[in-house]
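# Observations on the model geometry
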Amino acid sequence: MVEEEELRALQGEGHGVGAYRDVEPKDSHSLSSRTPDDSRSWCGRLREECSPSRRLPILTWIRRYDGEDALSDLIAGVTLGLTMIPQSIAYATIAGLPSQYGLYAAFMGSLVYVFCGTVREVSIGPTSLMSLMTLEYTAGRPPQYVIVLAFASGLVELAMGAFRLGFLVCFISVPVTSAFTSATALIIIGAQLGNLLGLPRLPATDSGFFSTVWGVVRRLRDVSYGDTALGVACLVLLVALQSLPRLVPAARHRRLHRLLWYTSLARNAITVLASALLAHYLTHTLPDGVPFRLSGNVEPGIPAFEWPVRGATVGNTTVSFLEITSELGSGLLLVPLVAVLANVAIAKAFATDGVVDATQELIALGLCNVIGSCFRAMPTTGAFTRSAVSHASGVRTPLSGLYSALLTLMALGVLTPYFYYIPRATLAAVLIAAVASMLDLAIVRRLPRPPASLSDLLAWTVCFAVCLLSGVEVGLLCGMAVSLLEPLRHWVWPRADRSTVQGPPLTYRHIRPNPGLLYPGVDRLRTLVLADAQRLAPLPIVLDCSQFVALDYSAVRALRELADEVARFGGPMFLRNVTPTWQKALQLRQTEHGFVFHRPDNSEPEPPK
């Protein structure tokens with residue numbers, strides 16, 4: 001991504017003001033996972049988990065806040081706000097919502113994370129991914145459905161934090177994440193082609209990528225040349241502004257490079273402002289009005305607090321809160337799961353040493369969505385692009401979110417009359433330029449090479465194809481299912497290192513299963529052991545348990561029965577390297593050559609002479 005490349009270049013400078021320094025957090029303890037001391041009572045650990053300083057990290061770092069921090073956070077917050085405002089307006093259009101819903105989400109997400117967040121760079125607000133997921137489940141429905149989805153997602157995220165379920169995102173592999181984000185980027189680009197070309201807006205649907213593109217192709221005769229020209233010009237301007245820092249080497253002209261860097265960061269705001277001024281001028285100059293479509297009126301101000309549990313009116317029918325949640329279906333779980341995946345991944349990318357208090361991040365994200373839904377906000381999560389902007393702008397603490405929130409509030413209170421003049425083609429160009437960096441098709445060349453495997457390539461392909469054909473939520477689940485086949489294969493078909501060890505004192509067949517033994521792999525291990533026992537009888541079988549990481553009841557019972565079956569071929573079976581806990585569970589007793597199962601008659605199998 002271009003942002004990452006420029007960020008690395010700036011970090012490599014080693015010069016300049018604090019905006020370019022990688023400043024260590026004032027209290028790194030608040031950013032890292034804490035390992036509970038097992039010697040303490042559960043009551044003491046519970047008190048620590050629920051302590052205000054743990055659940056409100058602002059109470060820890062605010063005590064060391066100084067003037068230098070305030071200046072750095074102000075610069076970062078204003079820069080972030082200039083990026084967030086046009087993006088939030090554009091992301092609301094992806095979800096099929098009026099522009100103000102994106103600004104509500106940006107304001108509340110930034111404000112709540114100031115108090116509950118642990119990673120200074122993370123920016124909570126609307127994202128292209130959340131907007132697309134919202135459209136998947138609320139297309140063609142009233143905005144109240146979106147508010148309920150945000151509220152329910154926040155509750156699920158809070159529950160995941162309370163029960164420490166952040167580890168669930170570990171089941172989503174990197175190839176699946178790459179395919180998911182790449183497919184999402186393509187779907188968003190396809191959905192914005194209509195706005196970029198000025199095509200008449202169709203009712204919001206959750207049709208697949210190819211259906212959307214085909215719909216655009218069929219309506220090419222209705223293209224508006226004014227919208228197309230403006231959209232293409234905005235795309236060219238965005239790419240040009242993004243490339244500005246590369247024109248001047250940072251090592252030779254620090255100040256000029258820094259100016260170009262900040263100009264590049266504000267490219268979305270510059271493009272939107274320029275096109276809005278153009279539209280305002282043409283509106284009052286041309287008798288027939290502007291030759292492109294405008295965004296329209298935006299409701300000003302922050303809405304009043306209201307619990308999002310009331311029903312919605314669809315036509316002449318009132319739909320209750322429970323009926324809305326039942327219609328949202330799997331979105332109540334998949335939307336928060338995807339939000340957690342994105343937020344934890346971004347937090348790990350920017351946190352010190354990559355260590356994150358995942359539980360607190362889940363709670364913070366849940367509160368952002370629950371509180372935000374009370375002010376009519378759409379679902380939110382962390383955004384990598386905005387987080388990279390915060391990092392590059394020299395953010396010191398999460399308090400920078402307060403300045404970006406105030407800037408968003410000012411936009412809602414003062415600038416909403418001027419949002420009317422923002423062309424839709426400009427917002428489409430901003431979205432296309434923003435999500436283009438999410439495309440990661442180069443990973444396909446790397447996946448078949450070691451240490452990756454063909455299973456990774458298969459998981460990427462399945463996830464990518466299903467996302468484009470059937471929707472991102474189905475594609476994510478299919479990709480997860482395929483990626484889990486590889487670790488499952490090692491449990492269903494466990495590998496075993498087999499060799500014959502010559503004595504003295506004993507010549508035996510050594511078998512070491514890897515990585516462990518659970519019920520799916522019992523039959524496979526039984527086949528391997530009995531094949532050697534029959535072929536090499538009466539040679540003793542020594543089962544090395546050093547690689548075992550888990551046992552279940554089926555495996556314990558199977559091992560006892562396997563010892564009896566080996567004995568029928570004339571050779572005993574010994575177990576070695578068994579942990580003390582498993583010795584008791586397996587009811588083993590020590591012999592000269594290893595462990596054997598306890599027998600009622602205390603008979604000990606003797607090795608053949």
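All figures in this text were calculated on a predicted structure; none of them were measured in a lab. Positions within a chain are numbered from 1, following the residues in the order the chain's sequence is written. For this predicted model, a pLDDT threshold of at least 70 governs which residues receive local features, and a threshold of 80 or more governs which side-chain atom pairs are given and counted, while totals over whole chains, interfaces and linings are taken from all residues. As a convention, hydrogens and water are excluded, and side-chain values are obtained from all of the structure's heavy atoms.

This part covers the overall build of the chain. Every helix listed is a DSSP run of H or I at least four residues long, and every strand listed is a run of E at least two residues long, numbered separately from the N terminus. Within the chain, the regular secondary structure consists of 26 helices and 10 strands. Residue burial is assigned from relative accessible area. The probe radius is 1.4 Å, only protein chains are included, and a residue is buried under 20% of its type maximum, exposed over 50%, and partly exposed in between. Expressed as a percentage of its 609 residues, the buried residues of the chain come to 52%. Partitioning the contacts of the chain with sequence separation of at least 6, the portion at a separation of at least 24 is 78%. Reported accessibility uses the Shrake-Rupley method at a 1.4 Å probe radius. Residues are deemed covered only where the shown protein chains occlude them. Carbon and sulfur atoms make up 62% of the accessible area of the chain, which amounts to about 27,700 Å² in all. Contact criterion: two residues are considered in contact whenever any of their non-hydrogen atoms come within 4.5 Å of each other.

Moving on: the nonpolar core. As used in this record, nonpolar core signifies buried Ala, Val, Leu, Ile, Met, Phe, Trp, Tyr and Cys residues forming a set joined through side-chain atoms within 4.5 Å. Residues Met 133, Phe 180, Leu 328 and Phe 419 are the most contacted members of the largest nonpolar core, which totals 112 residues. For this core, the leading source of residues is helix H15 (residues 331-350), giving 12 residues. Among the domains, domain 1 (66-440) and domain 2 (442-491) are the pair contributing at least three residues each to this core. The contacts of Leu 328, once residues within four sequence positions are left out, are Tyr 137, Thr 138, Tyr 145, Val 148 and Leu 149. Residues Leu 530, Ala 558, Ala 563 and Leu 586 belong to the second largest nonpolar core, which totals 25 residues. The domain boundaries here were taken from an automatic or database domain assignment.

The subject of this paragraph is the pairing of strand S7 (residues 541-544). The side chains of a regular strand alternate between both faces of the sheet. Alternating residues of S7 divide into Ile 541 and Leu 543 and Val 542 and Asp 544, and every residue in both groups is buried. In this description, strands pair whenever DSSP reports at least two bridges between them. Where S7 lies against strand S8 (residues 573-576), 4 bridges are found, and the strand directions are parallel. Across the sheet, Leu 543 pairs through a bridge with Leu 575, a residue of S8. In this fold, the crossover linking S7 to S8 by way of helix H25 (residues 553-568) has right-handed handedness. A crossover counts as right-handed when, viewed with the strands pointing away from the observer, the path leading from the first strand over the helix to the second turns clockwise.

Once that is clear, we can look at unusual backbone geometry. What is expected of a backbone is that most residues other than glycine have negative phi and most peptide bonds are trans. Here the bond from Ala 537 into Pro 538 is cis, since omega is 5 degrees, no more than 30 degrees from zero. Along the chain, Pro 538 falls in the loop between helix H24 (522-536) and S7. For Arg 376, which is not a glycine, the phi torsion comes out positive at approximately 65 degrees. With respect to the helices and strands, the residue Arg 376 is situated in the loop between helix H16 (358-373) and strand S4 (381-382). By relative accessible area, which is 23% here, Arg 376 ends up partly exposed. Non-glycine residue Asn 577 carries a positive phi angle of around 55 degrees. Topologically, Asn 577 is positioned in the loop between S8 and helix H26 (580-585).

When you line up the elements, Arg 120 lands in the loop between helix H6 (99-116) and strand S1 (124-125). Residue Arg 120 is classed as buried on the basis of its relative accessible area of 8%. Residues adjacent in sequence count toward polar contacts only when both atoms are side-chain atoms; beyond that, a polar contact is any pair of N or O atoms within 3.5 Å, and within protein one must be able to donate a hydrogen and the other to accept it. Side chain to side chain, Arg 120 and Glu 121 meet in a polar contact 3.0 Å long.

It is at 10 Å that the axes of helix H7 (residues 128-138) and helix H9 (residues 174-197) come closest, and there the two elements cross at 70 degrees. Taken together, H7 and H9 sit at an angle that is classed as roughly perpendicular. Where H7 abuts H9, its residues Ser 128, Leu 129, Leu 132 and Met 133 lie against Phe 180, Thr 184, Ile 187 and Ile 188. A class-by-class count of the residues in the contact of H7 with H9 yields 6 nonpolar, 2 polar and no charged. Lines fitted to C-alpha atoms define the axes, with helix axes restricted to the stretch in contact, and inter-axis angles between N-to-C directions lie between 0 and 180 degrees. Working rule for angles: under 35 degrees goes down as roughly parallel, over 145 as roughly antiparallel, 65 to 115 as roughly perpendicular, anything else as oblique. Note that Gly is not counted as nonpolar here; it falls among the polar residues with everything else outside the nonpolar set of Ala, Val, Leu, Ile, Met, Phe, Trp, Tyr, Cys and Pro and the charged set of Asp, Glu, Lys and Arg.

Looking at chain direction, strand S5 (residues 495-501) and strand S6 (residues 508-514) are connected through 7 bridges and run antiparallel. Pairing of Ala 496 across the sheet is with Pro 513, part of S6. Here S5 folds back onto S6 in antiparallel fashion, the turn holding 6 residues.

Once that is clear, we can look at helix H8 (residues 143-162). One less than the residue count of a helix, multiplied by 1.5 Å, gives the span that helix is expected to have. Its 20 residues place the ends of H8 29 Å apart at the C-alpha level, agreeing with the 28 Å of an ideal helix rising 1.5 Å per residue. Here H8 lies mainly inside the structure; 14 of its 20 residues are buried. A positive backbone phi angle near 55 degrees is found at Arg 164, which sits one or two residues after H8.

On to the packing of aromatic side chains, then. Each pair of aromatic rings taken from Phe, Tyr and Trp, with Trp reduced to its six-membered ring, is defined by centres within 6.5 Å and is described as stacked if the planes are under 30 degrees apart, edge-to-face if over 60, and tilted in the remaining cases. Overall, the coordinates contain 9 aromatic pairs when judged by the stated rule. Taking 5.6 Å as the distance between ring centres and 70 degrees as the angle between the ring planes, the aromatic pair formed by Phe 305 and Phe 375 counts as edge-to-face. With Phe 305 in the loop between helix H13 (267-283) and strand S2 (312-314) and Phe 375 in the loop between H16 and S4, the pair connects residues that are 70 residues apart, well separated along the chain. Exposure remark for Phe 375: the relative accessible area of 18% places this residue in the buried category. Taking the centre distance of 5.2 Å and the plane angle of 85 degrees together, the rings of Tyr 420 and Tyr 421 count as edge-to-face. Here Tyr 420 falls in the partly exposed class, since its relative accessible area comes to 34%.

The salt bridge criterion pairs a side-chain nitrogen of Lys or Arg with a carboxyl oxygen of Asp or Glu, the two atoms within 4 Å. For the structure shown, the criterion picks out 12 salt bridges. A salt bridge links Arg 376 to Glu 299, with the nearest nitrogen and oxygen atoms 3.6 Å apart. Within this pair, whereas Arg 376 is found in the loop between H16 and S4, its partner Glu 299 is found in the loop between H13 and S2, the two being separated by 77 residues in sequence. Accessibility expressed as a relative area gives 36% for Glu 299, which makes it partly exposed. Of the charged contacts in the structure, one is a salt bridge between Asp 532 and Arg 509, with a shortest N-O distance of 3.0 Å. In this pair, Asp 532 sits in helix H24 while Arg 509 sits in strand S6, placing the two residues 23 residues apart along the sequence. By relative accessible area, which is 2% here, Asp 532 ends up buried.

Right, let's talk about a nonpolar patch on the surface for a bit. Any residue with relative accessible area above 30% and no salt bridge may belong to a patch, with like charges joined within 9 Å and the nonpolar Val, Leu, Ile, Met, Phe, Trp and Tyr side chains within 5 Å. On the surface, a cluster of nonpolar side chains totalling about 380 Å² of accessible area is made up of Leu 71, Leu 74, Ile 75, Val 78 and Leu 82. Within the secondary structure layout, Leu 74 lies in helix H5 (residues 67-94).

Our next topic: the packing of H9 against helix H22 (residues 472-483). The geometry of H9 relative to H22 is characterised by a closest axis approach of 10 Å and an angle of 160 degrees between their N-to-C directions. With respect to H22, the element H9 is oriented roughly antiparallel. The handedness of the crossing between H9 and H22 comes out as right-handed. Seen from H9, the contacting residues are Val 176, Phe 180, Thr 184 and Ile 187; seen from H22, they are Val 472, Leu 476, Gly 479, Met 480 and Ser 483. By residue class, the composition of the contact of H9 with H22 is 6 nonpolar, 3 polar and no charged. Crossing handedness follows the turn of the near helix against the far one: under a right angle anticlockwise gives a left-handed crossing, and clockwise gives a right-handed one.

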